[in-house]
Amino acid sequence: MPVKRLAGIPGFSIDRVAAAAGNDPDVLRMENLDTDLSPPRAAIEATKAALESDDANSYLPFTGRADLCAAVAERLRKQTGRNYSAEQIVITCGGTEGTLDALLALTDPGDEVLLTDPTYAGTIQRVRLAGAVPKFIPWVAHASGWRLDLDALRAAVSPATRAIFAMSPSMPSGGVLNAEEWAAIAALCRERSLWLLYIAAMERILFDSLPFLHPASLEGMAERTIVIGSVSKEFRMIGWRIGWVAAPESVIGDIARVHIYNVVTPVGIAQAGAVAAFAAPESDFEACRAEWERRRNTVLEELKEFPVVRASGGWSLLLDARALGLDAGEASNRLLARGKVAATPMTHWGDRIAERYVRLVFSNEPLSRLAGLRERFQRALG
């Protein structure tokens, strides 16, 4: 009999699809948020060197290396124009640990947390693990991409609401919040004294020349925004498991306390690589961003006859299975069995919106393989 904390928390759908795909080299691996593009070379070399470092083979410092905290603070100062200090940063074992740390530090059981529909299942279930209650705000699909339902956002806030989760580009949809949407979120946070939990893991992976917007740069938001970042996406350092939480001085101590009693310390060896990654030239990131955009464009062209929604950033986009007369699970099964495409159904990745979609990750397959997507989809779903 499961404990009450786990009631309503399902298993993860990604690993089931991955297991079904096995090691068949003919299968297009579009089920998991990976990328085949290499991390910055300097990050790899710094990690190798740290293997023989006594300082890296230590529990200390519990909340992260001083130079890595300083690098995160400097990044935020440049992005927001606000005066972040290294003391406002906690280094975590990936952004996902940071998510749970922030929730445990800022919410009580029964508090409501607003999230987009769809959103990353790991974020939703961490809200539940913390004892809070998720409420969903729809992303609405348009021909040009996704737009947040601002009327639904305003209507969802109640006396029990404690925080709003926002990720831009959003995972799994690739939706990017525009200036109007950020302004609406900020206004609610200021008016209702809400926390903004901003997941910044993909924030610069933007397409179509979209501008980079940071919510903490808006009036009155630096003191209400918890930034949860990671080296996994922008720096392609998934296996390093290094993330961070940046927060106002009023709450960073509580977040640090949760972090210490949750995992004790981030990986010292991996932190050395993360420090080096922050010093990588802008051209390193831009070359990868441009390649991901080319892959996004190829998928959109290949599947222009199918109901896919344009992603404005990130590593994935969504196929509307219901528009094809299928549920998401059935579409996923047919894509793998008939088309040799591994794709994850978005069941449990939100509410009414998510359950109709299948996610297609375009960041992990080269253009030469993505170019055959049309024929695979026609075989599976046509």
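What counts, and at which threshold
- The written sequence of each chain sets the order in which its residues are numbered from 1.
- For a predicted model such as this one, the threshold for reporting local features is a pLDDT of at least 70, and the threshold for listing and counting side-chain atom pairs is 80 or more; totals across whole chains, interfaces and linings nevertheless cover every residue.
- Calculation of side-chain values draws on the structure's entire complement of heavy atoms; hydrogens and water are dropped beforehand.
- Working definition: helices are DSSP H or I runs of at least four residues, strands are E runs of at least two. Numbering for both runs from the N terminus.
- Only C-alpha atoms enter the radius of gyration, while the globule expectation follows 2.2 Å times N to the 0.38, with N the number of residues.
- Buried, partly exposed and exposed residues are distinguished by accessible area as a fraction of the type maximum, computed with a 1.4 Å probe on protein chains only: under 20%, between the cut-offs, and over 50%, respectively.
- Two residues qualify as a contact provided that any one of their heavy atoms is within 4.5 Å of a heavy atom in the partner residue.
- A pair of strands counts as paired when DSSP detects no fewer than two bridges linking them.
- Note on method: axes are straight lines fitted to C-alpha atoms, helices fitted across the in-contact stretch only, with angles between N-to-C directions ranging 0 to 180 degrees.
- In these notes the angle categories are as follows: under 35 degrees is roughly parallel, over 145 is roughly antiparallel, 65 to 115 is roughly perpendicular, and the rest is oblique.
- By convention the crossing between two helices is left-handed if the near helix lies anticlockwise of the far one by an angle smaller than a right angle, and right-handed if it lies clockwise.
- Nonpolar residues are Ala, Val, Leu, Ile, Met, Phe, Trp, Tyr, Cys and Pro. Charged residues are Asp, Glu, Lys and Arg, and all others, Gly as well, are polar.

**Some thoughts on the overall build of the chain**
Inference 1: Of the regular secondary structure elements, the chain holds 13 helices and 14 strands.
Inference 2: Scaling as 2.2 N^0.38, a compact globule of 382 residues should have a C-alpha radius of gyration of about 21 Å, and the chain matches this with 20 Å.
Inference 3: If you line up the chain on its principal axes, its C-alpha atoms span 55 × 50 × 50 Å.
Inference 4: Among the 382 residues that make up the chain, the fraction classed as buried is 57%.
Inference 5: Within the chain, contacts between residues at least 6 apart in sequence are counted, and of these 75% link residues at least 24 apart.

**Notes on the sheet that holds strand S8 (residues 225–230)**
Inference 1: Strand order in this open sheet of eight strands is S2-S9-S8-S7-S6-S3-S4-S5, and the pairing throughout is mixed. On the outer flanks of this sheet lie strand S2 (89–92) and strand S5 (145–148), each paired with one strand and no other. Neighbour-to-neighbour, the strand axes of this sheet turn through a mean angle of 25°, independent of strand direction.
Inference 2: Bridging between S8 and strand S9 (residues 243–246) involves four bridges; their strand directions are antiparallel. Pairing of serine 230 across the sheet is with glycine 243, part of S9.
Inference 3: Against the sheet, helix H5 (residues 121–129) makes contact with strand S3 (112–117), strand S4 (133–142), strand S6 (161–167) and strand S7 (195–199), and its axis sits at roughly 160° relative to S4, the strand it touches most.

**A few points about the packing of helix H4 (residues 94–106) against helix H8 (residues 249–263)**
Inference 1: Direction vectors running N to C along H4 and H8 enclose 120°, while the axes themselves pass 8 Å from each other. By the criterion of interaxial angle, the relationship of H4 to H8 is oblique. Considering how the two elements wind past one another, H4 and H8 form a crossing that is right-handed. In contact with Glu97, Leu100, Asp101, Ala102, Leu104, Ala105 and Leu106 of H4, H8 contributes Val251, Asp254, Ile255, Val258, His259, Asn262 and Val263.
Inference 2: Tallied by class, the residues present in the contact of H4 with H8 amount to nine nonpolar, two polar and three charged.

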